[in-house]
Amino acid sequence: MTEEPLRSVSTDDGHDVTIRRLSEDDREALLAFGADLPKDDWLYLDVELQTPTTVSWLVNAVDARNWRQFVAVDGELIVGYANVRQLPGWKRHVGDIALVVRDGYRRHGVGRALASVIVESATEMGLKKLIVEVVKEQIGGQVIFKRFGFQQEGILAGHAVDYLGNHRDLVLLSFQLAEDTSS
Ligand SMILES: CC(C)(COP(=O)(O)OP(=O)(O)OC[C@H]1O[C@@H](n2cnc3c(N)ncnc32)[C@H](O)[C@@H]1OP(=O)(O)O)[C@@H](O)C(=O)NCCC(=O)NCCS
């Protein structure tokens, strides 16, 4: 099934990138995207896109009520992936974000376009607050979300363990989508 294009980004080096929802036909392309991520990126990701079972799980969840998943594509090639997932229970008004762009397509606005689609769809889902956890060293992710108005809520010290076994600090950024009157 072909998903409707939501945004277009023309890169300075002549690529036309389209943002659309992830489709159940994207399994192989998403696997290839995960496999091509440089190992250093694994330091910064809590979505294991390099693991076939995780990729199958993501693709099988394209219609899940509590998730929205998006890809940036250049033709058949996936060059970016983002999701917003509604948290369960007493955090059900909160959405958690993941975002990654293919090395070689960075610094052309693809991350910003994916982030804007995420914020838009979170509003449609009725979420009131968004959070994103970014490894402290990942300046790009922090800059993108702060430009949307996200603010730092705190640092989770040594909260992530990377593939080398090193503990890393996570910066917790958040954004209020609408006035929360539930408390
Ligand atoms: C973070 C990430 C998604 C950014 O994607 P991108 O497509 O390069 O982002 P954009 O081109 O839209 O950048 C938007 C702005 O963010 C800032 N930015 C992006 N990467 C940056 C970096 N490495 N250092 C400093 N600022 C950066 C810039 O201000 C940029 O605008 P500019 O290029 O006009 O100056 C990408 O670097 C990535 O996949 N990193 C690994 C995964 C990750 O850390 N995800 C974030 C947490 S979920």
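Attention in this report is confined to the structure presented alongside it. Nothing here was measured: the structure is a model prediction, and the numbers come from that model.

Rules behind the numbers
- Residues numbered from 1 in each chain as written.
- Predicted model: local features only at pLDDT ≥ 70, side-chain atom pairs only at ≥ 80, totals over all residues.
- Helix = DSSP H or I, 4+ residues; strand = E, 2+ residues; numbered from the N terminus.
- Buried ≥ 20, exposed ≤ 12 C-beta atoms within 10 Å, placed from the backbone.
- Pairing = 2+ DSSP bridges.
- Near = placed C-beta within 6 Å.
- Nonpolar A, V, L, I, M, F, W, Y, C, P; charged D, E, K, R; others polar.
- Core = buried A, V, L, I, M, F, W, Y, C linked by C-beta atoms within 7 Å.
- Contact = placed C-beta atoms within 7 Å.
- Axes fitted to C-alpha atoms, helices over the stretch in contact; angles between N-to-C directions.

### Comments concerning the overall build of the protein
Along the backbone of the protein there are four helices and eight strands. Along the chain direction, N to C, the helices and strands of the protein fall in the order β-β-α-α-β-β-β-α-β-α-β-β. Referenced to the eigenvectors of the C-alpha coordinate spread, the extents of the protein come out at roughly 45 × 40 × 35 Å. A burial count over the protein gives 28% of its 183 residues as buried.

### Considering the pairing of strand S2 (residues 16–21)
Two strands pair when backbone bridges link them, and strand S1 (residues 7–10) and S2 are joined in this way by four bridges, in the antiparallel orientation. Bridging across to S2, Ser 10 finds its partner in Asp 16. Once S1 ends, the chain turns through five residues before running back antiparallel as S2, passing Gly 14 with a positive phi of about 90 degrees. In this sheet, strand S3 (residues 67–74) lies alongside S2 in antiparallel orientation, the contact comprising four bridges. Bridged to Ile 19 within S3 is Ala 72.

### Focus on the site of the ligand
Of all residues adjacent to the ligand, which total 22 residues, the nearest are Arg 106, Gly 111, Arg 112, Gly 140 and Gly 141. Of all the elements in the fold, those that place two or more residues in the shell around the ligand are strand S5 (94–101), helix H3 (110–124), strand S6 (129–135) and helix H4 (139–147). With five residues, the single largest contributor to the shell around the ligand is H4. Grouping the constituent residues of the shell around the ligand by class yields 12 nonpolar, six polar and four charged.

### Let's talk about the nonpolar core
Counting residues in hydrophobic clusters, the biggest one holds 39 residues, and the most contacted among them are Ala 72, Tyr 81, Val 110, Leu 114 and Ile 118. No other element matches H3, which puts seven residues into this core. Ignoring any residue separated from it by four or fewer positions in sequence, one finds Ile 118 in contact with Phe 70, Ala 82, Val 84 and Ile 97.

### Some remarks on the environment of Gly 109
Counting through the fold element by element, Gly 109 comes out in the loop between S5 and H3. C-alpha of Gly 109 to C-alpha of Ile 144: the two residues are 35 residues apart in sequence and 9.6 Å apart in space.

### So, the pairing of strand S8 (residues 167–176)
The pairing of S6 with S8 spans seven bridges and is antiparallel. Bridging from a neighbouring strand, Val 132 pairs with Leu 173 of S8. As judged from the seven bridges shared by strand S7 (residues 151–161) and S8, these two strands associate in the antiparallel manner. Bridged to Val 161 within S8 is His 167. Where S7 folds back on S8, the antiparallel hairpin that results is connected by five residues, among which Gly 165 adopts a positive phi of roughly 90 degrees.

### Observations concerning the sheet that holds S5
Pairing is mixed in the open sheet, where eight strands are placed in the order S1-S2-S3-S4-S5-S6-S8-S7. The open sheet has two edge strands, S1 and S7, and neither has a second partner. Pairwise comparison of adjacent strand axes, ignoring direction, gives a mean angle of 25 degrees for this sheet. Pairing analysis gives eight bridges linking S3 to strand S4 (residues 77–86), with the strands arranged antiparallel. Following the sheet pairing, Gln 69 is matched in S4 by Asn 83. Sitting on the sheet, H4 is in contact with S5, S6 and S8, with an inclination near 10 degrees to S8.

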